[in-house]
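Next come the chains, spelled out residue by residue.
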Amino acid sequence: MRDAGSVVKTYTIAVLPGDGIGPEVIAEAERAIEAVGDRFGIDFTLRRFPIGAAGVAAAGDPFPEETRAAVAQADAVLLGAVGDPALDQAPRHLRPESGLLALRAQLGVYANLRPVAVLPALVDRSPLKADRLEGVDVLIVRELTGGLYYGEPRGREGASAVNTLRYCAAEIKRVARVAFESARQRRGHVSSVDKANVLEVSQLWRETVTRVGQDYPDVRLDHLYVDTAAMRLVADPRAFDVLLTENMFGDILSDEAAVLVGSLGLLPSASLGEGPGLFEPIHGSAPDIAGRDLANPIGAIATVALLLRHGLGLAEPAAAVERAISMALEQGARTRDIAEPGAPALGTRAMGARIAGLIGEAQRSRASVAT
């Protein structure tokens, strides 16, 4: 409830629905933001812009100039997903993924945070045994603007192709500090992932992370080869607190971590740097179910919580979104990907409406008391 004469903060969010299921899940994320605004008396200005295949269709560019200008001026950026099989054979500059990489580079979001926490209501949805999942709460910190995805030279020539894996110490140092600072707010343990036995880049990674770790004597640091980390992530996930990785390793390991929670559709992410943050669910565009009201919007709605907390500094509204998600699941709400075989399942819109309603419950309670 707004007090008469109070100053209301307005936040501008650039919304990039993207491709496939992106527009569907982002519509429910927007509904959650609107519920937060109503409950806490915050004004959010949501402005939509194309990216990915939608950008190619609208402007012949997967990252159109209008979108470039908008994200630079926003307080935060909310992204759905990019990707369209129709453009798989297009020139690289027209592929949707090129727009995503350009977006990350423009925003300078070098640290990608991917929290993976197993919710009690969904323990039975994971293929892992329940006793391995109790208390699992991992934060994957992935370097996002270096490594193989950005290294030059790259390209194809006839029957050969090349990609370049490149990092400098400064890039490693800044993302490592994010991991150590995060660990200080959690359980004080960083596991750094590399392949230092065969890669010179990984040797630099390990040496640099070790040096940064000396500034954090209160945080325990260990190093793991990526293959060992992949195995332990499913064999003993409770052993991890903060998992620090380079770009490609983090991409792979965070998708593997979806096995712990039961579905890729549940996981959010936050990408942070010096300017506006970029917030997106970690799933892809899933064109096979696009437009069918089947996609799980929880990852996108949980991304709203990260946007509020890390992008706008709104901790209490962020917690309200997370509580609403937990309550909906505790009450038995399920989309198809997390429902038991043959059990009733909610569609994308119905799940979004259920969570938005739970976000707004306190607002309705205050209104009824006031009357």
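Throughout what follows, the structure given in this document is the object of discussion. (Residues numbered from 1 in each chain as written. Predicted model: local features only at pLDDT ≥ 70, side-chain atom pairs only at ≥ 80, totals over all residues. Heavy atoms only, no water.)

The sheet built from 10 strands is open, its strands ordered 2-1-3-12-11-4-5-10-8-9 with mixed pairing. Looking at strand neighbours, the two that pair on one side only are strand 2 (43–48) and strand 9 (220–225), the edges of this open sheet. Between one strand axis and the next, the sheet turns through 25° on average, direction left out of account. Relative to strand 10 (residues 242–245), strand 5 (residues 137–143) runs parallel, the two sharing four bridges. Counterpart to Val141 in the pairing with strand 10 is Leu244. Contacts from helix 1 (residues 22–40) reach strand 1 (10–18), strand 2 and strand 3 (76–81) within the one sheet, and its direction differs from that of strand 2 by about 165°. (Pairing = 2+ DSSP bridges. Helix = DSSP H or I, 4+ residues; strand = E, 2+ residues; numbered from the N terminus. Axes fitted to C-alpha atoms, helices over the stretch in contact; angles between N-to-C directions. Contact = heavy atoms within 4.5 Å.)

Attention now goes to the packing of helix 1 against helix 11 (residues 315–330). In the contact formed by helix 1 and helix 11, the axes pass within 11 Å of each other and the chain directions differ by 125°. Here helix 1 is positioned oblique relative to helix 11, judged by the angle of their axes. Taken as a pair, helix 1 and helix 11 cross one another with a handedness that is right-handed. For the pair formed by helix 1 and helix 11, the contact residues are Val36, Arg39 and Phe40 on the first element and Glu316, Pro317, Ala320, Val321 and Arg323 on the second. Across the contact of helix 1 with helix 11, the residue classes tally to five nonpolar, no polar and three charged. (Parallel < 35°, antiparallel > 145°, perpendicular 65-115°, else oblique. Left-handed = near helix turned anticlockwise from the far one by under 90°. Nonpolar A, V, L, I, M, F, W, Y, C, P; charged D, E, K, R; others polar.)

In this structure, the largest pocket spans a volume of roughly 780 Å³. Along its surface, the largest pocket is lined by 34 residues, and Val82, Glu97, Ser98, Leu100 and Leu101 are the ones closest to its centre. Secondary-structure elements contributing two or more residues to the lining of the largest pocket are strand 3, helix 4 (96–107), helix 9 (247–261) and strand 12 (277–281). The element contributing the most residues to the lining of the largest pocket is helix 4, with seven residues. (1 Å grid on protein atoms, 1.4 Å probe; cavity = no way out; pocket = protein on both sides within 12 Å on 5 of 7 lines; lining within 4 Å. Points joined across faces, edges and corners; volume = space filled by probe spheres on them.)

Another aspect to go through is the pairing of strand 2. As paired elements, strand 1 and strand 2 share six bridges and run parallel to each other. In the sheet register, Thr10 faces strand 2, and the bridge partner there is Asp43. In this fold, strand 1 hands off to helix 1, which returns the chain to strand 2; that crossover is right-handed. (Right-handed = clockwise from strand over helix to strand, strands pointing away.)

Scope: geometric values only; no functional claims are made or implied.
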